[in-house]
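# A look at the structure
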Amino acid sequence: MEETRAVTVGPPVEGGWRVVDDAGRPLVLARSALDARLVSLRTGQRLLARMRAGAIVAASLP
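So, here is what we can say about the structure in this document. (Residues numbered from 1 in each chain as written. Predicted model: local features only at pLDDT ≥ 70, side-chain atom pairs only at ≥ 80, totals over all residues. Heavy atoms only, no water.)

Turning our eyes to something else, we now look at the overall build of the chain. When helices and strands are counted, the chain shows zero helices and five strands. For the chain, the N- to C-terminal ordering of α and β elements is β-β-β-β-β. On C-alpha atoms alone, the chain measures out to a radius of gyration of 10 Å, which is about the 11 Å that the 2.2 N^0.38 rule sets for 62 residues. Expressed as lengths along the three principal axes of its C-alpha atoms, the size of the chain is roughly 30 × 25 × 25 Å. A total of 62 residues make up the chain; the buried ones form 35% of that total. Pairs at least 24 apart in sequence give 42% of the contacts found in the chain among residues at least 6 apart. (Helix = DSSP H or I, 4+ residues; strand = E, 2+ residues; numbered from the N terminus. Rg over C-alpha atoms; globule rule 2.2 N^0.38 Å. Buried < 20%, exposed > 50% of the residue type's maximum accessible area, 1.4 Å probe, protein only. Contact = heavy atoms within 4.5 Å.)

As structure tokens, this is what we get:
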């Protein structure tokens, strides 16, 4: 089952970025889950993350 969560972008890590959802849960946003137009993310930027089985499968601007 898929769900959508709001996340805040944190520092870059190998292969993507650390993000935190509104409940404070840490996640990793892989570069492969992003549209090519969003590869220049900034720390503190807000995104909507589509989740499946606890992992981010896609992200977009709110």
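Let us look at the environment of Leu41. Here Leu41 lies in the loop between strand S3 (26–30) and strand S4 (46–52). C-alpha of Leu41 to C-alpha of Gly10: the two residues are 31 residues apart in sequence and 9.2 Å apart in space. Contact partners of Leu41, with chain neighbours within four places excluded, come to Val9, Trp17, Leu29, Leu34 and Leu47.

The subject of this paragraph is the pairing of S3. Side chains Leu27 and Leu29 of S3 all project onto a buried face; the interleaved residues Pro26, Val28 and Ala30 project onto a face where none is buried. Summarising the sheet, strand S2 (residues 16–21) and S3 pair through five bridges and their orientation is antiparallel. Paired with Val19 across the strands is Leu27, a residue of S3. Count of turn residues in the S2/S3 antiparallel hairpin: four residues, of which Gly24 carries a positive phi of about 90°. (Pairing = 2+ DSSP bridges.)

Once that is clear, we can look at the side chain of Asp21. Here Asp21 lies in strand S2. Assessed through its relative accessible area of 4%, Asp21 is described here as buried. In terms of polar contacts, Asp21 uses its side chain to reach the side chain of Arg5, at 3.0 Å. Within the local environment of Asp21, its side chain forms a polar contact with the backbone nitrogen of Ala23, the two atoms lying 3.0 Å apart. Residues in contact with Asp21, not counting those within four places in the same chain, are Arg5, Ala6, Val7 and Leu27. (Polar contact = N/O pair within 3.5 Å; in protein donor to acceptor, adjacent residues only side chain to side chain.)

Now for the pattern of salt bridges. Enumeration over the complete set of coordinates arrives at six salt bridges. A salt bridge links Glu3 to Arg5; the shortest N-O distance between them is 3.3 Å. Among the ionic pairs, Asp21 bridges to Arg25, the shortest N-O distance being 2.7 Å. The network of salt bridges with common partners includes Glu3, Arg5, Asp21 and Arg25. (Salt bridge = Lys/Arg side-chain N within 4 Å of Asp/Glu carboxyl O.)

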